[in-house]
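As a plain string of letters, each chain reads:
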Amino acid sequence: MKKTIGLFIIFILLCIFLTIMNPRFLSVTNLQNLARVVGMFGIFSIGVGLVIITGGIDLSVGSLFAFLGIVLYFLLVPWHIPWPLAVIVVLAAALLIGLFHGFLVSKLKIQPFIATLCGMLIYRGLAQFMASDATKGFGYSEGFERLNQLSTGTQLGVPMPFILLIVIGFAAWILLHQSVYGRYLLAVGRNEQGVRYSGINTNRIILFAYVISGFLSGISAILLAFYSNAIAPSSHGSFYELYAIAAAVLGGCSLRGGEGSIVGIIVGAALLQVLQNLVNLLGIPSSLNYAVMGGVILTSVVIDQVVKRNK
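Residues numbered from 1 in each chain as written. Predicted model: local features only at pLDDT ≥ 70, side-chain atom pairs only at ≥ 80, totals over all residues. Heavy atoms only, no water.

**Some details on the overall build of the protein**
Turning to step 1, where the next piece is worked out: Helix and strand content of the protein: 13 helices and 4 strands.
Turning to step 2, where the next piece is worked out: Relative to a compact globule of 311 residues, whose C-alpha radius of gyration would be 19 Å, the protein shows 19 Å and is just as compact.
Turning to step 3, where the next piece is worked out: Taken along the three principal axes of its C-alpha coordinates, the protein extends 55 × 50 × 35 Å.
Turning to step 4, where the next piece is worked out: Counting over 311 residues, the protein shows a buried share of 51%.
Turning to step 5, where the next piece is worked out: Within the protein, contacts between residues at least 6 apart in sequence are counted, and of these 79% link residues at least 24 apart.
Turning to step 6, where the next piece is worked out: Charged side chains in the protein number 17 positive and 8 negative. The centres of these two groups are separated by 12 Å. (Helix = DSSP H or I, 4+ residues; strand = E, 2+ residues; numbered from the N terminus. Rg over C-alpha atoms; globule rule 2.2 N^0.38 Å. Buried < 20%, exposed > 50% of the residue type's maximum accessible area, 1.4 Å probe, protein only. Contact = heavy atoms within 4.5 Å. Lys, Arg positive; Asp, Glu negative; His and termini not counted. Charge placed at Lys NZ, Arg CZ, Asp CG, Glu CD.)

**Observations regarding the pattern of salt bridges**
Turning to step 1, where the next piece is worked out: Within the structure shown, the criterion is met by 2 salt bridges.
Turning to step 2, where the next piece is worked out: Between lysine 109 and glutamate 192 there is a salt bridge, and its shortest N-O distance comes to 3.9 Å. Note that lysine 109 is positioned in the loop between helix H4 (83–106) and helix H5 (112–130) and glutamate 192 in helix H9 (residues 192–197), a separation of 83 residues in sequence.
Turning to step 3, where the next piece is worked out: On the accessibility criterion, lysine 109 (48% relative accessible area) is partly exposed.
Turning to step 4, where the next piece is worked out: Salt-bridge contacts for arginine 196 lead to glutamate 192; the nearest nitrogen and oxygen are separated by 2.9 Å. (Salt bridge = Lys/Arg side-chain N within 4 Å of Asp/Glu carboxyl O.)

Honestly, it's all geometry; don't read function into it.
Set out below in structure tokens:
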């Protein structure tokens, strides 16, 4: 809780600093755009955060967005599948992929880094093959305008992705902090062997975390597809897994597992987007975005390590 409060204070201070340097930061348009991006990135960051709490990692998220985006394109545009059915297919595929990752990690005991790294390469390659490495667009969303509104629309002035983030975040908060599964998940991250000796099926706990991550990535994949309105299979979602990992680590998730909070992950995702605005405002070249992201992750890990040693 202390980490989350401290992170939230930093977030507020950054917002105040940005407002002083550029008053347009608090404009309705900018706040809506910020909330929309925070919503899309926050949703899949929650899933990755749950995986990190188990002591694992998911490097396949960005490539998964490209693959699921291409699948969604084919379902809606060339094949003219009704959009509710297309959404079900995409989310089912995301669930199966999460189940596959969880099986590799929990049952076959493959290291999460290797399992999801292979997934990252496979899904990116499949996306490029299916699309013949050509950019695919959704045009004017004829026939699936309502689905498009989930990404680009607003409700009472609040972007739909941000509303979805609040709903999903509340459900995830109950799951992690108010349920038996959440207690087991945190315990597995701290000491998997000890939890197993207590008679708890740790494989099932870990498997379910990857399934949740896959499902939330599927939701974000749909939102991101319509946000960009086009899928470039070689670059769509590239390095987005870094944003999720950074948001989770900033939000208090330890890369060793066993620690983390849903509120912290959401605040971490919001802080990253505010940092992006700060980078642009300071005139730092956009090509250095990933360098800034790497520095943020490294700083967070170093601070976490120092705190652990002092304890």
